[in-house]
Amino acid sequence: MATGLKALPFSFGAHFLALVAAIMVLVWSIHFRGGLAWEADNKNLIFNIHPVLMLIGFIILGGEAIMSYKSFPLKKQVKKVIHLILHAIALVLGIVGICAAFKNHNESNIPNMYSLHSWVGIGVIILYGIQWIYGFVVFFYPGGSAEVRRDSLPWHVLFGMFVYVMAVGNACLGLLEKLTFLEVNGLAKYGSEAFLVNFTAIATVLYGVFVFLTILSQAPTEDDYSYSAIS
């Protein structure tokens, strides 16, 4: 299925939404939640690293990696390297973001892995890592045969789309979970911080939508191994 439209306008929309979401999560973490720190007496500052890295590092960079085949009028091999590197950075930052959540819990005597958000999050990061390793081995180095790459590509794309949908959904689930905790502990339900968190989630979902509109549209140049329309 394809939109029949050019991918570039959708990618610009995605970039704009990425900027908006990044600004909002930084304002939330720094202005409303007090800032970021890996070592601090206030353990909440450690936790604040988690939403920042998961949204900016994992969701946004991961989306940019997915769109790289449709956003840039570059040669196939160059786009492949960009795709690989952006996904690698997203994966590393996602792992660091998860470590920040565990560090906060351990130093605050909060149990780990008790929520649906945490269960799905661990599953997503594992699947993301598997997807990256498979893509590296089959499509980059040492590289599979032309037949293996051709047969693997549709499944690689579909699996990547599935993992990314799960990641976006779980990001929203995490924002909801954190906001619920804050509201239970006295945060105004109709206050500016609550609205900011909700709008951050909306921007995240819209970013995901524009990522998919981009990859389902026509790339600036056609090549044999880019993300092609799935029929």
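In what follows, the structure referred to is the one given above.
Before going into details, it helps to say that this report is about the structure given with it. Only a predicted model underlies this, so the values are computations on that prediction, with no experimental measurement involved.

**Details of helix α3 (residues 49–71)**
Part 1 of the reasoning: Spanning 23 residues, α3 covers only 29 Å between terminal C-alpha atoms, well under the ideal 33 Å at 1.5 Å per step.
Part 2 of the reasoning: Taken across its 23 residues, α3 has 21 buried, putting it largely inside the fold.

**Observations regarding the packing of helix α4 (residues 76–107) against helix α5 (residues 116–140)**
How two helices pack is summed up by the angle between their axes together with the distance between the axes.
Part 1 of the reasoning: Packing of α4 against α5 brings their axes to within 10 Å, and their N-to-C directions diverge by 155°. Judged by the inter-axis angle, α4 sits roughly antiparallel to α5. In this structure, the crossing between α4 and α5 has a hand that is left-handed. For the pair α4 and α5, the contacting residues are Q77, K80, V81, L84, H87, A88, A90, L91, G94, I95, I98 and F102 in the first and G121, I122, I125, Y128, G129, W132, F136, F139 and F140 in the second.
Part 2 of the reasoning: Tallied by class, the residues present in the contact of α4 with α5 amount to 15 nonpolar, 5 polar and 1 charged.

**A few points about the pattern of salt bridges**
Part 1 of the reasoning: Under the criterion given, the structure shown has 4 salt bridges.
Part 2 of the reasoning: For the salt bridge of R33 with E193, the shortest nitrogen-to-oxygen distance reads 2.8 Å. Taken together, the positions of R33 in the loop between α1 (7–32) and α2 (44–47) and E193 in helix α7 (residues 192–215) put the pair 160 residues apart, joining distant regions of the chain.
Part 3 of the reasoning: Classification of R33 by relative accessible area gives partly exposed; the value is 24%.
Part 4 of the reasoning: For E193, a relative accessible area of 6% translates into the label buried.
Part 5 of the reasoning: Put simply, E107 and K103 hold a salt bridge, and the shortest N to O gap is 2.6 Å.

What counts as what
- Residues numbered from 1 in each chain as written.
- Predicted model: local features only at pLDDT ≥ 70, side-chain atom pairs only at ≥ 80, totals over all residues.
- Heavy atoms only, no water.
- Helix = DSSP H or I, 4+ residues; strand = E, 2+ residues; numbered from the N terminus.
- Expected span 1.5 Å × (residues − 1).
- Buried < 20%, exposed > 50% of the residue type's maximum accessible area, 1.4 Å probe, protein only.
- Axes fitted to C-alpha atoms, helices over the stretch in contact; angles between N-to-C directions.
- Parallel < 35°, antiparallel > 145°, perpendicular 65-115°, else oblique.
- Left-handed = near helix turned anticlockwise from the far one by under 90°.
- Contact = heavy atoms within 4.5 Å.
- Nonpolar A, V, L, I, M, F, W, Y, C, P; charged D, E, K, R; others polar.
- Salt bridge = Lys/Arg side-chain N within 4 Å of Asp/Glu carboxyl O.

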